[in-house]
Amino acid sequence: MDDLRAALVESLAPAQWEWLRPHAVDGRMVLVSVDLDLIDVGVAVAQDATAIVQGWLESGSLIVADAAEIARRDAGAATDESNALIVQPFVLVQDLVAPPAPAKV
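Now for a quick tour of the structure. Owing to the predicted nature of the structure, the values given are computational and were not obtained by experimental measurement.

**Topic: the overall build of the protein**
When helices and strands are counted, the protein shows 5 helices and 5 strands. In the protein, the succession of α and β elements from N to C terminus is α-β-α-β-α-α-β-α-β-β. When each of the 105 residues of the protein is scored for burial, the buried share is 38%. Here the analysis covers contacts within the protein between residues at least 6 apart in sequence; of these, 68% occur between residues at least 24 apart. In the form shown here, the protein has an accessible surface area of approximately 6400 Å², with 57% of it arising from carbon and sulfur atoms.

This is how it looks when you write it as structure tokens:
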């Protein structure tokens, strides 16, 4: 596991929405809550730790980007500061700054 963790740490990189968008459209972009460690999530996905990943999905700590998320990001409602980690076939994305809350009408 130490080799896997080291490889993931090395492959962690900043990413911009323009680069991430095609992965979101293909259903392969997974948003990772700032409450989770991105490397820990990458290890769990790489090791096919289904129960752990399913728990994060059910709690909302992991969210597969959908059409609404793509539209929100296209409209500039998300931060441009994100880290990405490729764990085939997924791209795990964690925003470094929480996106602004929607305006109340």
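**Quick word on unusual backbone geometry**
Omega for the peptide link from Gln88 to Pro89 comes to 5°, which places this bond in the cis form. Positive phi is not limited to glycine here, since Asp48 has a value of about 55°. Take Asp48: its relative accessible area is 60%, and that puts it in the exposed class.

**What about the sheet that holds strand β2 (residues 29-32)?**
Across the sheet, 5 strands lie side by side as β1-β4-β5-β2-β3; this open sheet has mixed pairing. With partners counted over all chains shown, the strands left at the sheet margins are β1 (13-15) and β3 (62-64), one partner each. Mean inter-strand twist for the sheet, computed between neighbouring axes without regard to direction, equals 35°. When β2 meets β3, the two strands line up antiparallel, connected through 3 bridges. The partner of Val30 across the bridge, within β3, is Val64.

Thresholds, definitions, all that
- Residues numbered from 1 in each chain as written.
- Predicted model: local features only at pLDDT ≥ 70, side-chain atom pairs only at ≥ 80, totals over all residues.
- Heavy atoms only, no water.
- Helix = DSSP H or I, 4+ residues; strand = E, 2+ residues; numbered from the N terminus.
- Buried < 20%, exposed > 50% of the residue type's maximum accessible area, 1.4 Å probe, protein only.
- Contact = heavy atoms within 4.5 Å.
- Areas by Shrake-Rupley, 256 points an atom, 1.4 Å probe, with all protein chains shown as cover.
- Pairing = 2+ DSSP bridges.
- Axes fitted to C-alpha atoms, helices over the stretch in contact; angles between N-to-C directions.

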